[in-house]
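# Structural description and commentary
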Amino acid sequence: MPVRQARRRARGRGGAVRNRVAKRKSPTETSSSSESSGRTTEDSSKYTCTQSDNGIQQLTLENYTVSFTNKREVDSKPVSTGFASARTVLGKRHDVKAEPAKPAEPDVPVIRLDAVQERISKLDFERPLLIVAGAGSGKTATLCARVIEMMKSGVHPKGILVITFTNKAADELKQRILRYMQASGMLENVDIKDRGVVNSLMPSASTFHSWCYGMIMRFYRQLGMNKCPLVAAAESEHKRLMVLAKEQLEDCRRLVQCEQMLGIPGCKQKDEGEPSIYIQHTEARWNEVLRLARETTGFSIDSVGLDQDQDQDQNQRGKKTKFAEKARTTSQQVSLMRALYEHLYAVKGRRMKLLDLVENPIEFGAAFPGKDLLQGMLSFMYRAKAKGYRPQEMPQLERSVLEAYNGTLRQFDLVDFDDILDMTNQLLSDKDVLLEIRGQFPYLLVDEFQDFNRLQTQLVLKLQENVGRVTAVGDLKQSIFEFRGATCEENYHIFLEKFVDAQVEGKALGSMESLTTNYRSHKSIVDLSNILALETVDEGDEQLRRLLTPSQAVPDAPEVPVTVWSTSNIQDEARTFGLRIKAILDRGDCKASDIAVISRCINFGAYRPTGLIETELLRRGIPFVVRGGKSALKSKRMQIFMALIRLIANPNDDLAAEYCLDELVMNVGPAAVRKIKNQGINRLEKQSLFDKMTTASTNTGLLSKNARAGLQAFLADIDLWQQKQIGHVPLSELIKDIFAKYLVNVEEEDDKGKPQHTNDEDEPEGDAVLDMSMAILDSLFEAPELLPSNDDSDVSRDGPCTMGLLQAYSSHLCLLSTAAEDQGKLKKPKMPNAKSPKYEGAIVITTVHQAKGLEWKHVFLNHFIEGMFPMGFRGISKADEARALMNSQIAKQNQQAAALHYREESRLGYVAITRAKTGLYISVLEKYPVFWMEKVFDKSCSPSRFLPNIMYSAESSSKRRCY
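To keep things clear, this report deals only with the structure shown in the data block.

## Here's the deal with the sheet that holds strand E10 (residues 470–474)
Two modes of strand pairing occur in sheets, parallel and antiparallel, and in both the strands are linked by backbone hydrogen bonds. Here we have six strands laid out as an open sheet, ordered E6-E5-E9-E10-E4-E13, and parallel in their pairing. A single partner strand is all that each edge strand has here, and the edge strands are strand E6 (204–207) and strand E13 (511–515). Taken pair by pair, the neighbouring strands of this sheet meet at an average axis angle of 15 degrees, ignoring direction. Sheet topology note: the strand E4 (residues 129–133)/E10 ladder contains four bridges and is parallel. Note on E10: the bridge partner recorded for Ile131 is Val473.

Rendered as C-alpha cells:
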C-alpha cells in the first residue's frame, strides 16, 4: 500500500514528519534555525536599563518600562502598595461624573463600568462585535453588562444565548447577570429565592457541551437514534471502549476471512480513502457464517466454553452497570466468533493456505509506537476528534481505530464530548432545525473565544453566519489549550473574515473593540507582559497582529519592582521561595491564600519541579494545596512510607497493613494476599490483618516457602523498629532506616498510576521524599500543641523516639497529605502557624493551565529556564502525522508546528505573569535540576527566552547565551 511504503521510507531514512520534528536539538543548534524552533533572536540593544541607588533597575523598550531587582534581601516592612482595586477605581470615576451619592448597602448589587466598558456594552446589538479583552480588563463585567443592555432594549432574555468554556465560568456568568439584573431594577417584584421564576427571566448561559447535549436530547431522532445517548465522560470508560474497539477490529478481520473460507461474497466499501478494517453491523453477516458453518462443518455452539468467572470477579467490588453488562456480552460474542474462526481455519483455512489471524493479530504498535499502546491510541483519538478530523483523512489503521471506537460508542448508546459537538453541527446542517434554533436564540454571546476548537467555531458560524448578532470576547494572548484541540489563530482568522471585516454595501459588517486597562496588576507587571505578548503572534500575520493591543495599568498604581533571582540549583531556589513567602506572611502583607507558586508543570516525567518547594513550605509550617497534579505528599514512595509509619505506630491499622502487604512483602502475590486475608473468616472475634500476617508466616499449609520467608523478613523489620529502636534512637534515625530498607529502589508513578522508570539521571541530588519526611518532622517540633503531652519522658528531635511521638508524627503525615489535595474545599491542617490570621488558607501550588482566570497578590514562577519554561518541542501529534501521510499539503502545514508550539508557550508565560497583582518573583536556575537535561538541552543551563537578557542578574549574565 502507498501509505505503508511512505511510513516505512520515512522511518527508514529518519525523514518522517515525526522523526524530523521530534529530533531534539541543543539550544545552540536550535538557535541557528529560528524558523523551525520558534526561537527569536533577541537584540539587547533595543533595551535600555538604568539603576537607582536603592538597587532598583528600570528596563525600557519603546513605551514599556519595567522596574525590577535581583536582590534577595527580605524587607521586613509591610508592602504598602496603595494600589486601588478595580472596584475602588471605577467607583472614583463614577463619583467624578455625578454628585456624591449615599453609599449603597453592602448587599445591594452595583454595576461598575469604566467609560470604555460602558460604551462597548451599548454598541449595536444587530452587528457582529469582537471584544479583545486583555488580562484583568473586566471582560466578564462588560459581557454581562452587554446582556443587560440587550434586555433593556427589548430583547427577550430567552432569545439571548451566552456560551463560555467551563461550568465554573458559566455559573459565574449566571450569578453576575443575576446581580446586574437586580442592580438594574429588573427583579424588583420578584422573589429572588424562587429559582424557577428567576430562571424564567434570565438568559440562557452554559458551556457549549451542555447546550449541545440539550440539542441532542431534543433532536436525537433526527440523528437516527432510537433513544438519547448517555455521555461517556470518564477516561476509564474510554479505555474500556478502546479495548472493545480493538477486539472488534480483530473480529472484523476474522469475519472477512470466514466468508472467504465459506465462499460468501464480501461487501465492498463505497466511500473514499483507504479501505477500513472496521465493518458496521456485522451481526447479520456473522449469523450467516454461523449457519453455513453448522451445515457444512458441524460446528456447535455448545462446544464453546465461555469463561464468565473472571468478569464476575472483576465486578464484585463495584455496582454492575448497564455498560458493564453490555461490555461483557460483547466480549463473550467476540470470544464465540473467535472460536468459530478457529474451527473454520482448522477445517478449511489451513488447507487454503490462508494467514492465521489468531497467530498474526493487527500490529497496532506500527501506527501507535510507545510503551503504553492503549494510552497512545486514546491520545490519538482525543486529538483527532477534538480537531474535527475525518476518519477518511487517515491511513487505513488509524482510520479503522477511529471508526471502531465511534462504532463501539454507538453500540452502547454513548457519546463522548467531541461527539456532542459534532452531532450538533450535523443537526444544524438541517435547514429546518437551523431555522428553529436561530428563531429561538437570535442573539449569541461567546466568552473565552480563544479557547474554542474547530467544532465549536463551526457551531458559531452555523448559528450566526449571514445573521451577525454575535459578540465574541477573548484574548489571543491567553490561548493555552491547544493540547485540547483549541485552534485560536484559526478561530480569529475566521471571525475577522466572516464577521468583522466582511463588507456589506461597501461598509464593514462588524467591529472590533479592545479593553486595555488592566485593573489587576501594576505597571511593571503589565509592561513585562506587553513585551512578552509580542511573541504570541507570528510577525508575518498582519491580520492577527491587530489583536495585540497593549494593556495599560491603572494610572495611580505605584511602581513595585519585579524580582528576578539567579538561583544556583533547585535546593537554592526552594530555600529562596520559602524564605520570601514566610517573610511576606510574617510581615502581615497578605494571607497565605493570596500567594501562588505557578509552575509550567507539576510532574515532568519522574521529576517534580515543585517537590522541594513543598518540602520548604512544610519545614516552615506553611500550609499549601496542589492543583494540576499530585502533591509530592501523594507520591507512591511517600504513601508507602506513611503506611509503614502507621503500621509501626498502630499494628491494628488494616489499611496500612494491606498497603504494605501489596507493595513491600517479597514473594507474596495477589493469590497469597487473598489467602492471608481470608484466614479465620468464619471466626466470631475480629482479627487484625497484622495478626493474620503473623499467623500465615508460620503456616506451611497456607503459603509457599518463599512467601513465608518474605513475610517473616517483613515482620522481623516491624518488630525491630517497634521493640529495639523506639525508645532508643531518634525518630530521624528510624525514618532513615525505613528509607534504606524499603524505599531506595521503589519506582515512582505518574498521576495516572503508571510506573515512571527512573535511574540516577532522572533524580536530583539527594532523596526528595526523605527530605520531605524530615521537613515534616521539623514542622512537628515547631508546633508544641501537636506533640504528645502524656508521655512519661519529654520528647525532643534528637532524643529517643517514643511511641507517642511516632503516633503524633503519623497523624501529622496523614493530615498534611489529605490537606494537600485541593478538591474545591480547602482543608486546614494543623500547622505550626495555622492559628495566626496571616497564615489563613493555604499557598496554592499550581500549573499555568489551572491558574487561568485566577489572580493572587504574590506570584512565584519557578524553573524559568529553557526546556522547562518554555518546554521543548516534542514533535507533532500522532493524529497530525497520520493526516500528513495522506496529504502533502497538510505535511507542509505541519512543518510550522514547532513555531506554533513556542507561540503557545509564550502565551503560557503571558498568563503566568499576569496572575500577579503586586509581587512577581521569577527564579532562573544556573544548573539543570536533573542530569539528563544537560545531555538533551545543553551543559550550561539557559534562562527562558521569555526573560529579557538585561533582567538577568549581573553576576550571572556572562554565563548566558544571547539568542
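## Notes on the pattern of salt bridges
Evaluated as defined, the whole model comprises 44 salt bridges. Between Glu149 and Lys152 there is a salt bridge, with the nearest N and O atoms lying 4.0 Å from each other. Pair noted here: Glu149 and Lys152 are both in helix H7 (residues 139–152), with a separation of three residues, about one helical turn. Judged by its relative accessible area of 18%, Glu149 is buried. With a closest N to O distance of 3.2 Å, Asp778 and Arg619 form a salt bridge. Of this pair, Asp778 sits in helix H31 (residues 768–781) while Arg619 is found in helix H24 (residues 611–619), placing the two residues 159 residues apart along the sequence. In this structure Arg619 comes out as partly exposed when scored by relative accessible area, which is 27%. Within the structure, one salt-bridge network assembled from shared partners comprises Lys139, Asp447, Glu448, Asp451 and Lys852.

## Quick look at helix H10 (residues 208–219)
Look at H10: 16 Å from first C-alpha to last across 12 residues, which is about the 16 Å you get at 1.5 Å a residue. Along H10, the positions that sit buried rather than exposed are Phe208, Trp211, Cys212, Tyr213, Met215, Ile216 and Phe219.

## Digging into unusual backbone geometry
A cis amide bond links Phe869 with the next residue in sequence, Pro870, at an omega value of 15 degrees. In this fold, Pro870 is placed in the loop between strand E22 (856–861) and helix H34 (878–886). Non-glycine residue His281 carries a positive phi angle of around 50 degrees. Secondary-structure assignment places His281 in the loop between helix H11 (235–262) and helix H12 (283–297). Backbone geometry at Glu448 places phi at a positive 55 degrees, although glycine is not the residue there. Summarising the element assignment, Glu448 is placed in the loop between strand E9 (443–446) and helix H19 (454–464).

Conventions and cut-offs
Residues numbered from 1 in each chain as written. Predicted model: local features only at pLDDT ≥ 70, side-chain atom pairs only at ≥ 80, totals over all residues. Heavy atoms only, no water. Pairing = 2+ DSSP bridges. Helix = DSSP H or I, 4+ residues; strand = E, 2+ residues; numbered from the N terminus. Axes fitted to C-alpha atoms, helices over the stretch in contact; angles between N-to-C directions. Salt bridge = Lys/Arg side-chain N within 4 Å of Asp/Glu carboxyl O. Buried < 20%, exposed > 50% of the residue type's maximum accessible area, 1.4 Å probe, protein only. Expected span 1.5 Å × (residues − 1).

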